[in-house]
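Observations on the three-dimensional arrangement
Next come the chains, spelled out residue by residue.
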There are 2 protein chains.
Amino acid sequence: MTERAPNPPRRPRAVDVAAAAEVSTATVSRVFNNPEKVAPAIRDRVLSAARAMGWMPHAAGSALARRRTSIVGAVIPTLDNEIFAAQVGAMQTAFAERGITLLLSCFNYSQDQAFSDVQAMLARGVEGLAIVGESHKPDLFAVIAARAIPYVVTYSHRPDSPHACVGFDNQEAFERLTRRLLDLGHRDFGVIIQPTADNDRVQARLRGIRAALAEQGLAIRPQRLFEGAWSIDFGRRSLRAMLEAAVRSGPRPTAIICGNDHLAIGAVLEAQAMGLRVPEDLSITGFDDLAISRHVAPPLTTLHIDNREIGRLAADYLLARLDGLDPPPPPPLLPDLIERGTTGPAPAA
Amino acid sequence: MTERAPNPPRRPRAVDVAAAAEVSTATVSRVFNNPEKVAPAIRDRVLSAARAMGWMPHAAGSALARRRTSIVGAVIPTLDNEIFAAQVGAMQTAFAERGITLLLSCFNYSQDQAFSDVQAMLARGVEGLAIVGESHKPDLFAVIAARAIPYVVTYSHRPDSPHACVGFDNQEAFERLTRRLLDLGHRDFGVIIQPTADNDRVQARLRGIRAALAEQGLAIRPQRLFEGAWSIDFGRRSLRAMLEAAVRSGPRPTAIICGNDHLAIGAVLEAQAMGLRVPEDLSITGFDDLAISRHVAPPLTTLHIDNREIGRLAADYLLARLDGLDPPPPPPLLPDLIERGTTGPAPAA
DNA sequence: TTGCAAAATGTAAGCGCTTACATACCCCGC
DNA sequence: GCGGGGTATGTAAGCGCTTACATTTTGCAA
């Protein structure tokens, strides 16, 4: 009388495959994890039974039994910046080759967010962690240490950092850049930079600029320092504000150092809109060497970072640690100073 | 005599917390999953014991017991394109609010890769899937259907698609764009577009262009159609090749339709480098409205897509399905035609 | 005080898999 | 023909958690 309701399609389990292939679950498991340990005939039987019912080992079960999740986490500020997207893409590729799944967190430059994301990742059982930057809640590294899992800080590379780092020395890079501008005769600088709060990389960049200037007895005048969310727009607005102020009170800066290429591109555009020639009247530098940067007019002088390389190296380091090795973290990368069309000699006073 | 080797720091388990708080593991679990069911005094005891030993429920164990993983997967071509990065970013935010972890796959426009990534995700127990585009191996959708998990196709929205879609009608969008160019008097078109193989969205765009042209009895001449990996460079090279060929044999095209903004930006740059005025001599259109597009000179005429909105809608749809609802997928989005500075009336012959 | 329903807690059975160990089998040399 | 060693398979004990159900405690009316 009663229709048997068709049970909802339930995920097949190893025992179902085992039954179909007339073997034990141990053998099923071996076929998928140590195929060389099972006789070819049986192996085929299991494989086709599995294929027929669309079975594959459920990761949660095997993670539990194996006590390995094969998950690692990447913690970045945002995917909206192509430099981090590239880093993540490269890491994912490297991990996928080794059968490891990458979990992603975008913390939006919020330390609280980063901390809770890391907690969530630990709950998911990540076996390694790559984290952008080292200015995080102290708890963050404590919590990781408590779990004793390998991790690496990316995109930042202080010589005396307590963490394994894959990146470059932000301060040194900006010192180098600033010195080059000094060599070109510039003495009056403007700076447009990302928010320094909670961002060790940006702080280091600013330190780099200041250090290089200090060598010549120079400094950044407060009204020449603009700090705000990186975007082309903020670059434009800051450049305009800086120059309009200069019209009222004294000489213009001759060189503008920007915290990244977005800001620099905005600055170039606005300078041109105000009728200034770049680089004849004003030199402008960026940082990152985005895909677009060589194509803008004039092409942007900037420092080139190989973001995919950062991702790859970070993944390799973590992979080695997962294999039980203890390799030294790779040496710092060296950003390339690429002088294109937005920098030139300081205009004669 | 023998030193007891310090056991490697082992992840604490629920029973450890239970012992410390002098309760059963059931209570520990309840404190974390149904806190209102346990007396405040005990709850605090458990919570502080947990905090003291840094315990939190291990996701693999709870996934198994609960038969829910709280993971969903996003399958995109690549993070290198900011449109997908934005979509993923928005999805991740939406899911995180609901305690759901996003797993990411970048299939690099390879159907095989997409298929095996989806398999891997199913093995991880994803409870939902968002997939860019619908031109995939037929197996891919079959495998998903076999698991009976909700999914949504993003970035594409054919009226008669069998899938739930969140996106826009690529064909219609390019028809509209092309008609506008026809209204401006253009009759001789060039097209620079992404590879059409395995890419339903690009195919639809090309169909849209052809359909609109056909209404006027026009067609794309083969030597005016360039297809290749999207990049500024490919845009430049294609534009140059097209124009150089035109010098030798007959009139120049007056309008170039590009498959996305990268290609269009390249085309504009190269046209300018060749001494053509945009838009007086040549109109050029893009698609996507990248962040940079309004800033190039002249600012790019393009269609604006709200990629974050796509991500949000896809997440909302999936979330509803996970809640057991069966909402209709959202209506197609309508890309905005943004006429900026790279289009104008066709030059007088 | 007693009794009863409701609330709080505990007990224990899985969730789906892997793997140490036990068992069965096979092949050979003597 | 027998024993030994190697190989192929099976048995069953967890991995860390949740939750149905059983048990105990509590609050309160009579």
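Computed from a predicted model, the values in this text were never measured in an experiment.

Considerations on the relation of the copies chain B and chain A
The transform that puts chain B on chain A rotates by 180° and translates by 0.0 Å along the axis, for an RMSD of 0.1 Å. Expressed as an axis order, the relation between the two copies is that of a two-fold axis. Relative to the rotation axis, the closest C-alpha in chain B is found at alanine 60 of chain B, a distance of 2.4 Å. Here 100% of the contact residues of chain B are again contact residues in chain A; the copies associate through an equivalent surface.

Regarding the protein's contact with DNA strand D
The full set close to DNA strand D counts 26 residues, and Thr27, Arg30 and Ile42 of chain A together with Ala14 and Ser29 of chain B are the nearest of them. The separation between a phosphate oxygen of DNA strand D and a polar main-chain atom of alanine 39 of chain A is 2.9 Å. Separating a phosphate oxygen of DNA strand D from a side-chain N or O atom of asparagine 33 of chain B is a distance of 2.8 Å. Elements represented by at least two residues in the surface near DNA strand D include exactly α2 (25-33) and α4 (59-66) of chain A together with α2 (25-33) and α4 (59-66) of chain B. When residues of the surface near DNA strand D are assigned to their parent elements, the largest contribution, five residues, is made by α4 of chain B.

Digging into the packing of helix α8 (residues 170-183) of chain A against helix α9 (residues 200-215) of chain A
Residues and elements named next belong to chain A. Packing of α8 against α9 brings their axes to within 7 Å, and their N-to-C directions diverge by 35°. You can see that α8 and α9 cross each other, and the crossing is right-handed. Between α8 and α9, the contacting residues are Asn170, Gln171, Phe174, Glu175, Thr178, Arg179 and Leu182 on the first element and Arg201, Ala204, Arg205, Arg207, Gly208, Ile209, Ala211, Ala212, Leu213 and Glu215 on the second. In terms of residue class, the contact of α8 with α9 is built from seven nonpolar, four polar and six charged.

Some remarks on empty space enclosed by the protein
Rolled over the atoms, a probe sized like a water molecule indicates the empty space that remains. On inspection of all chains with the given rule, the structure shows six cavities of 30 Å³ or more. Looking at the largest cavity, its volume works out to about 160 Å³. Ala60, Ile71 and Arg124 of chain A together with Ala60 and Ile71 of chain B are, among the 13 residues lining the largest cavity, the residues nearest its centre. At the level of secondary structure, the elements contributing two or more residues to the lining of the largest cavity comprise α4 of chain A together with α4 of chain B.

Here we look at the sheet that holds strand β9 (residues 283-285) of chain B
All names here are of chain B. Pairing in this open sheet of four strands is parallel, and the strands run β7-β6-β8-β9 from one edge to the other. Both edges of this open sheet fall to β7 (225-227) and β9, since each of them pairs with a single strand only. Pairs of neighbouring strands in the sheet enclose a mean axial angle of 10°, with direction left out of account. Relative to strand β8 (residues 255-258), strand β6 (residues 189-193) runs parallel, the two sharing four bridges. The residue bridging glycine 190 from the neighbouring strand is isoleucine 256, located in β8. Here helix α9 (residues 200-215) sits on the sheet in contact with β6, β7 and β8, set at roughly 175° to β6. Contacting β6, β8 and β9, helix α11 (residues 261-273) runs over the sheet at an angle of about 160° to β9.

As for the packing of aromatic side chains
One pair of aromatic rings is described through two measures. These are the centre distance and the angle between the planes. All names here are of chain A. For the structure on display, the rule yields 12 aromatic pairs over all chains. Residues phenylalanine 174 and phenylalanine 287 carry aromatic rings whose centres are separated by 4.9 Å and whose planes lie at 40° to one another, so their mutual orientation is tilted. Linking phenylalanine 174 in helix α8 with phenylalanine 287 in the loop between β9 (283-285) and β10 (302-304), this pair joins segments that are 113 residues apart in sequence. In this pair, the class of phenylalanine 174 matches that of phenylalanine 287, namely buried. Every member of this aromatic cluster is reached through a ring pair, and the members are Phe84, Tyr155, Phe168, Phe174 and Phe287.

Let's talk about the interface of chain B and chain A
Of the residues lining the interface, 44 residues belong to chain B; the matching set on chain A comes to 44 residues. Summing the contributions of chain B and of chain A, the shared interface buries around 3,500 Å²; its carbon and sulfur component is 57%. On the chain B side of the interface with chain A, the three residues burying the most area are Arg124, Arg147 and His295 of chain B, jointly 19% of the side's total. Viewed at the interface, chain A and chain B are joined by two salt bridges. For arginine 308 of chain A, the salt bridge identified is with aspartate 80 of chain B, shortest N-O distance 3.5 Å. The interface formed by chain B and chain A holds 18 residue pairs in polar contact (both at pLDDT 80 or more) in total. Residue assignment for the side of chain B that touches chain A shows that the elements contributing at least two residues are α4, α5 (82-96), β2 (101-106), α6 (111-123), α10 (232-248) and α11 of chain B. Top contributing element to the side of chain B that touches chain A by residue count: β2 of chain B, with six residues. Looking at the side of chain B that touches chain A residue by residue, the class counts come to 25 nonpolar, 12 polar and seven charged.

Considering unusual backbone geometry
Residues and elements named next belong to chain B. For the peptide bond that leads from valine 278 to proline 279, omega is 10°, which places it in the cis range. Among the secondary structure elements, proline 279 is positioned in the loop between α11 and β9. Residue proline 298 is reached from alanine 297 by a cis peptide bond, and omega for that bond is -10°. Here proline 298 is to be found in the loop between β9 and β10 (302-304).

Notes on the domain arrangement of chain A
Split into domains, chain A comes out as domain 1 (14-57), domain 2 (69-168 + 307-333) and domain 3 (170-304). With centres defined by C-alpha atoms, the gap from domain 1 of chain A to domain 3 of chain A works out at 63 Å.

Let's talk about the sheet that holds β9 of chain A
All names here are of chain A. Strand order in the open sheet made by the four strands is β7-β6-β8-β9, with parallel pairing throughout. Strands with a single pairing partner mark the edges of an open sheet, and in this sheet they are β7 (225-227) and β9. Averaged over neighbouring strand pairs, the angle between their axes works out to 10° when direction is ignored. Bridge count between strand β8 (residues 255-258) and β9: three bridges; the pairing is parallel. By the bridge assignment for β9, isoleucine 257 is matched with threonine 285. Lying on the sheet, α8 is in contact with β6 (189-193), β8 and β9; it crosses β8 at an angle near 170°. Each of β6, β8 and β9 touches helix α11 (residues 261-273); the most contacted strand, β9, lies at about 160° to it.

Some remarks on the pattern of salt bridges
Residue and element names in this part refer to chain A. Throughout the structure, instances matching the rule amount to 40 salt bridges over all chains. We note a salt bridge from glutamate 270 to arginine 236, for which the minimum N-O separation is 2.9 Å. Residue glutamate 270 is located in helix α11, and its partner arginine 236 is located in helix α10 (residues 232-248); the two are separated by 34 residues in the primary sequence. For the pair shown, glutamate 270 and arginine 236 are each scored as buried. If you follow the salt bridges from partner to partner, you end up with Arg236, Arg240, Glu244 and Glu270 in one network.

Conventions we followed
Sequence order sets the numbering: in each chain, residues are counted from 1 along the sequence as written. Labels are handed out in written order, letters beginning with A for the chains and numbers beginning with 1 for the ligands. Where totals are concerned, whole chains, interfaces and linings use all residues; where local detail is concerned, this predicted model gives features only for residues with pLDDT of at least 70, and gives and counts side-chain atom pairs only at 80 or more. Computation of side-chain values: all heavy atoms of the structure, hydrogens and water removed. C-alpha atoms of residues with pLDDT of at least 70 in both copies form the basis for the least-squares superposition of the copies. Note on contacts: a residue pair qualifies if any of its non-hydrogen atoms lie within 4.5 Å across the two residues. The cutoff for a nearby residue is simple: one of its non-hydrogen atoms must lie within 4 Å of the molecule or strand. Think of a polar contact as two N or O atoms within 3.5 Å of one another; within protein, one of them needs to be a possible hydrogen donor and the other a possible acceptor, and neighboring residues in sequence only count if both atoms come from side chains. Per the convention used, a helix needs a DSSP run of H or I reaching at least four residues, while a strand needs a run of E reaching at least two, with both numbered from the N terminus. For helices, the fitted line uses only the C-alpha atoms of the stretch in contact; every axis is such a line through C-alpha atoms, and the angle between N-to-C directions lies from 0 to 180 degrees. By the definition used in this description, the sense in which the near helix is turned from the far one sets the handedness, with an anticlockwise turn below a right angle giving left-handed and a clockwise turn giving right-handed. Residues were grouped as follows: Ala, Val, Leu, Ile, Met, Phe, Trp, Tyr, Cys and Pro as nonpolar; Asp, Glu, Lys and Arg as charged; and all remaining residues, including Gly, as polar. Grid points spaced at 1 Å and placed over the protein atoms alone form the basis of the search, with a cavity being a set where a 1.4 Å probe fits but cannot get out and a pocket an open set showing protein on both sides within 12 Å along at least five of seven lines. Lining residues have an atom within 4 Å of a point. Grid points are joined across faces, edges and corners, and a volume is the space filled by probe spheres set on the points. Strands are labelled as partners when DSSP assigns at least two bridges between them. Put simply, two rings from Phe, Tyr or Trp (the six-membered ring, in Trp's case) pair if the centres are within 6.5 Å, and we call them stacked under 30 degrees between planes, edge-to-face over 60, tilted for the rest. Note on classification: 1.4 Å probe, protein chains only; a residue is buried when its accessible area is under 20% of the maximum for its type, exposed when over 50%, partly exposed between these limits. What counts as buried area is the accessible surface, traced by a 1.4 Å probe, that two parts surrender upon association, with contributions from both included. Throughout this description, the term salt bridge denotes a Lys or Arg side-chain nitrogen within 4 Å of a carboxyl oxygen of Asp or Glu. Start and end points for every domain follow an automatic or database-based domain assignment.

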